[in-house]
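# Fold and geometry: a report
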Amino acid sequence: MAIDKSFFTTAVHAGAHPEQVTGAVMPPIFMSTTFAQEAPGEHKGFDYSRAGNPSRDGYEEALSALEGAKHGLAFASGLAAEQAVAQLLNPGARVLVCDDVYGGTGRLFRKLYAKYNLDFNFIDMTSLAEVKAAAAAGPVDLIWVETPTNPTMKIIDIRAMAKIAKDKKAILVVDNTFATPLFQSPLKLGADIVVHSTTKYIGGHSDVIGGALMTSNDELHQQLRFIQFAAGAVPSPFECFMLHRSVKTLAIRMTQHEKNALAVAEFLSSHKKMKKVYYPGLAKDPGHNLAKEQMSGFSGMVSFDHTGNYSEVVSFLKKLKVFTLAESLGGVESLVNHPEKMTHASVPEELRKKLGIGHSLVRLSCGIESADDLIADLKLALE
Ligand SMILES: *Cc1c(COP(=O)(O)O)cnc(C)c1O
């Protein structure tokens, strides 16, 4: 799939309107929690900032435009956005979830929501047969997909999941955090709701926690908008300003992230200390063909299995200078992460084993530095 060039324009202009009183091209941040009314209930569209705020409105307009959605909703974190989706469910609902979802998503479902008599079935969604069998085993209310998956970059067929969701009258949710709206448009492939941790690529500078939901379904939007207002997990006007600012450079950042990731993945593939490299942009990657069909780029995340034991992996991690050892991803600076001990420590050990998250697995978030410097850093640390 080819990149939609108009995305570069949309990202810069969506929701960015000069302020009406002064003409300021960059509108001020509306920190006000409340808004003057002319008569009870008569106001200019804003009454209380949990319900709506001009800084959030502009940003939400940008969010919806990024995914080509009718509606965008901003939340205080990716997990707050996910929690709003969970709150759509009624007791007794059955949910199919891909087995290598983001660790925090698994924790939210297993530790917080399962007790409300919700049935979460974790399955390998790269196997269509497994999904079909799970769907045939009972009613399905919601299907939760994350693709590419974290940390082994598996690709799940969104169109195929949409077909199953439609048959079961289930809501299809896609976590699009890794791919970003530049490289993947789940709504166009049949998803009902897109989720983002805007903490990652959309924010892009590792300085704001945020989440978002996008949908073109009016009814779902109404329910989610009500949950946003009634449960109150909203971002501050300042965070909305920061994230809206980030949106403008999303396309140009992603282009460089991807270029670097491909260069790094190719370098690693030919290195003798690599057991396996996970990057859907590599022709030999098992998800490559499907990724090429449903994505217009492969994003900036690369994982690999080192041939050495744990202490050799730690010594490699310590030697890196350009890559910082830290959780999270999607910032302009390159990060390295040890999933087993860091981001995926909360994943049950059995499941970690099944997913191939062991001592030797390392995940890279390739930043926007020079690819030569990233490769030189890795090369030296691997010696
Ligand atoms: C980080 C992340 C989340 C959670 O988002 P927060 O902003 O940390 O709450 C959800 N999904 C994916 C894929 C993530 O990487």
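Residues numbered from 1 in each chain as written. Predicted model: local features only at pLDDT ≥ 70, side-chain atom pairs only at ≥ 80, totals over all residues. Heavy atoms only, no water.

## Focus on the pairing of strand β4 (residues 142–146)
As a reminder of what qualifies: Only protein chains enter the accessibility calculation, which uses a 1.4 Å probe. A residue is then buried if its area is under 20% of the maximum for its type, exposed if over 50%, and partly exposed in between. Numbering of helices and strands runs from the N terminus; a helix is a DSSP stretch of H or I covering at least four residues, while a strand is a stretch of E covering at least two. DSSP-based pairing: two strands are paired if at least 2 bridges between them are found.
Counting buried positions along β4 gives five out of five residues, so the element sits mostly inside the fold. Alternating positions in β4 separate into two faces, L142, W144 and E146 on one and I143 and V145 on the other, with burial throughout. Judged from the three bridges that link them, strand β2 (residues 94–98) and β4 form a sheet pairing that is parallel. Note on β4: the bridge partner recorded for V97 is W144.

## Structural notes on the sheet that holds strand β5 (residues 171–175)
The following threshold applies: Only the contacting stretch of a helix is used when fitting its axis, a line to C-alpha atoms as for every element, and angles between N-to-C directions run 0 to 180 degrees. Every residue pair with non-hydrogen atoms within 4.5 Å of one another is taken to be in contact.
The seven strands lie next to each other as β1-β7-β6-β5-β4-β2-β3, forming an open sheet whose pairing is mixed. Both edges of this open sheet fall to β1 (71–75) and β3 (119–123), since each of them pairs with a single strand only. Across the sheet, the mean angle separating the axes of adjacent strands is 20° when strand polarity is ignored. Bridge count for β1 against strand β7 (residues 211–215) is five bridges, and the pairing is antiparallel. Note on β7: the bridge partner recorded for A74 is A212. Strands β1 and β7 of the sheet are contacted by helix α2 (residues 54–66), whose axis makes an angle of about 125° with β1.

## Some remarks on α2
Threshold: The span you would expect from a helix comes to 1.5 Å times its residue count less one. Polar contact is defined as a pair of N or O atoms within 3.5 Å, subject to the rule that within protein one atom must be able to donate a hydrogen and the other to accept it, and that residues adjacent in sequence are counted only when both atoms are side-chain atoms.
Counted at 1.5 Å a residue, the expected span for α2 with its 13 residues is 18 Å, and the 19 Å between its end C-alpha atoms agrees. All buried positions along α2 are accounted for by S55, R56, G58, Y59, E60, A62, L63, S64 and L66. Taking the backbone nitrogen of S55 as reference, a side-chain oxygen 2.7 Å away marks N53 as the first, capping residue of α2.

## Some points on the packing of aromatic side chains
Each aromatic ring pair is described using two quantities: the centre-to-centre distance and the angle formed by the ring planes. This is how the line gets drawn: Aromatic rings from Phe, Tyr and Trp, taking only the six-membered ring of Trp, are treated as a pair when their centres fall within 6.5 Å; an angle between ring planes under 30 degrees marks them as stacked, one over 60 as edge-to-face, and anything in between as tilted.
Taken as a whole and assessed by the stated rule, the structure comprises six aromatic pairs. Both rings, one in F109 and one in F120, keep their centres 4.5 Å apart while their planes meet at 5°; by these two values the pair is stacked. Pair noted here: F109 is in helix α4 (residues 103–113) and F120 is in strand β3, with a separation of 11 residues, a long-range link. Neither F109 nor F120 differs from the other in exposure class; each is buried. With a centroid separation of 6.4 Å and 70° between ring planes, the pair formed by Y279 and F298 is classed as edge-to-face. You can see Y279 sitting in the loop between β8 (274–278) and α11 (288–294) and its partner F298 sitting in the loop between α11 and β9 (301–306), a full 19 residues away along the chain.

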